[in-house]
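Letter by letter, the chains look like this.
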Amino acid sequence: DAKTTQPPSMDCAEGRAANLPCNHSTISGNEYVYWYRQIHSQGPQYIIHGLKNNETNEMASLIITEDRKSSTLILPHATLRDTAVYYCIVRVFTNAGKSTFGDGTTLTVKP
Amino acid sequence: NAGVTQTPKFRILKIGQSMTLQCTQDMNHNYMYWYRQDPGMGLKLIYYSVGAGITDKGEVPNGYNVSRSTTEDFPLRLELAAPSQTSVYFCASSYGGVYNEQFFGPGTRLTVL
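Residues numbered from 1 in each chain as written. Chains lettered and ligands numbered in written order. Predicted model: local features only at pLDDT ≥ 70, side-chain atom pairs only at ≥ 80, totals over all residues. Heavy atoms only, no water.

## Some details on the overall build of chain A
For chain A, the helix and strand inventory stands at zero helices and nine strands. Each helix and strand of chain A, ordered N terminal to C terminal, gives the series β-β-β-β-β-β-β-β-β. Against the 2.2 N^0.38 benchmark of 13 Å for 111 residues, chain A shows a C-alpha radius of gyration of 13 Å, consistent with a compact globule. Sequence separation of at least 24 residues holds for 57% of the intrachain contacts in chain A that already meet a minimum separation of 6. For chain A, the exposed surface amounts to about 5500 Å²; the carbon and sulfur share of it is 49%. (Helix = DSSP H or I, 4+ residues; strand = E, 2+ residues; numbered from the N terminus. Rg over C-alpha atoms; globule rule 2.2 N^0.38 Å. Contact = heavy atoms within 4.5 Å. Areas by Shrake-Rupley, 256 points an atom, 1.4 Å probe, with all protein chains shown as cover.)

Following this line, the structure appears as structure tokens:
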């Protein structure tokens with residue numbers, strides 16, 4: 001599975017959009033991009049995933065570049081409750097054995 | 001649905017003791033996983049299962065054992081506890097297929113002294 005690179009930390013003002021980048025330059029054609037977040041010490045929570053098209057759900061939007069070498073998770077109106085560690089994972093969806101999470105990005109939303 | 005439940009929430013072990021961390025899911029998911037998370041770090045996969053009777057090693061399996069006799073349960077066994085196994089343990093499950101969204105339990109905080 002492709003390796004991902006994320007900035008260790010980011011800040012965002014409350015009410016503004018939070019844009020979290022992820023680099024996955026070695027991604028292969030059948031690998032999906034998944035995003036999870038972990039609030040405080042709770043179990044991680046699934047946010048969104050995509051293959052090559054941009055995706056949107058009630059939580060966030062996922063923008064994947066045309067060459068699929070990077071992606072951005074967008075939280076359109078960040079709130080204090082969005083403060084968490086955000087993990088970007090790239091893997092073939094059937095490959096359950098390659099489900100390790102990296103260190104992620106700590107997003108701090110400030111009032 | 002209760003989702004993924006884990007017991008116990010907290011446990012302190014002495015070096016050399018053994019214990020079983022319990023994990024149960026009520027979503028009829030095929031896939032189940034065990035992760036450990038050390039302070040300030042990401043999650044590392046210990047073992048996983050793609051169905052009852054089928055288990056396989058993840059990234060950090062040494063010192064652990066698992067079994068999957070039913071779809072619902074996926075216990076993690078520590079035979080000879082060591083300080084290096086002090087961590088938070090998360091169990092997760094997923095249906096499989098194209099979504100394969102993982103649902104996580106609340107975690108078990110284990111300290112080995």
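## Quick look at the interface of chain A and chain B
At the junction of the two partners, chain A supplies 21 residues and chain B supplies 23 residues. The contact between chain A and chain B buries some 1700 Å² in all, and 54% of this surface belongs to carbon and sulfur atoms. The interface formed by chain A and chain B includes zero salt bridges. Here chain A and chain B share five residue pairs in polar contact (both at pLDDT 80 or more) between them. Contributing elements (two or more residues each) for the side of chain A that touches chain B: strand E3 (32-38), strand E4 (45-50) and strand E8 (84-91) of chain A. For the side of chain A that touches chain B, the leading source of residues is E3 of chain A, giving four residues. Grouping the constituent residues of the side of chain A that touches chain B by class yields nine nonpolar, ten polar and two charged. (Buried area = accessible area lost by both parts, 1.4 Å probe. Salt bridge = Lys/Arg side-chain N within 4 Å of Asp/Glu carboxyl O. Polar contact = N/O pair within 3.5 Å; in protein donor to acceptor, adjacent residues only side chain to side chain. Nonpolar A, V, L, I, M, F, W, Y, C, P; charged D, E, K, R; others polar.)

## Observations regarding the nonpolar core
When a protein is soluble and globular, its nonpolar side chains tend to lie buried together. Counting residues in hydrophobic clusters, the biggest one holds 21 residues, and the most contacted among them are Leu-20, Trp-35, Leu-73, Leu-75, Tyr-86 and Leu-107 of chain A. The biggest single contributor to this core is E8 of chain A, with four residues. With near-sequence residues (within four places) excluded, Leu-107 of chain A lies in contact with Met-10, Asp-11, Cys-12, Ala-18, Leu-20, Leu-75, Asp-82, Thr-83, Ala-84 and Tyr-86 of chain A. Ranked by size, the runner-up nonpolar core spans 19 residues in total, among them Val-4, Ala-81, Tyr-89 and Leu-110 of chain B. (Core = buried A, V, L, I, M, F, W, Y, C linked by side-chain atoms within 4.5 Å. Buried < 20%, exposed > 50% of the residue type's maximum accessible area, 1.4 Å probe, protein only.)

## Regarding unusual backbone geometry
For the bond running from Thr-7 of chain B to Pro-8 of chain B, omega is -5°, close enough to zero to count as cis. Looking at the element boundaries, Pro-8 of chain B is found in the loop between strand E1 (4-7) and strand E2 (10-13). One non-glycine residue with positive phi stands out, namely His-40 of chain A, at about 50°. Take His-40 of chain A: it is sitting in the loop between E3 and E4. Under the relative-accessibility criterion, His-40 of chain A is labelled exposed at 74%. Unusually for a residue other than glycine, Asn-28 of chain B sits at a positive phi of about 60°. Relative to the helices and strands, Asn-28 of chain B is located in the loop between strand E3 (19-25) and strand E4 (31-37). By relative accessible area, Asn-28 of chain B is classed as exposed at 53%.

## A closer look at the environment of Met-10 of chain A
Residues and elements named next belong to chain A. Looking at the secondary structure, you find Met-10 in strand E1 (residues 9-13). Here Met-10 falls in the partly exposed class, since its relative accessible area comes to 21%. Through-space distance from the C-alpha of Met-10 to that of Ser-70 is 17 Å; in sequence the pair is 60 residues apart. Those residues in contact with Met-10 that sit more than four places away from it in its chain are Asn-19, Leu-20, Pro-21, Thr-105, Thr-106, Leu-107 and Thr-108.

## A look at the pattern of salt bridges
Residue and element names in this part refer to chain B. A complete count under the given rule lists four salt bridges over all chains for this structure. Residues Arg-77 and Glu-79 are paired through a salt bridge, measuring 3.3 Å at the closest nitrogen-oxygen approach. For Arg-77, a relative accessible area of 29% puts it in the partly exposed group. Using a relative accessible area of 39% as the deciding quantity, one classes Glu-79 as partly exposed.

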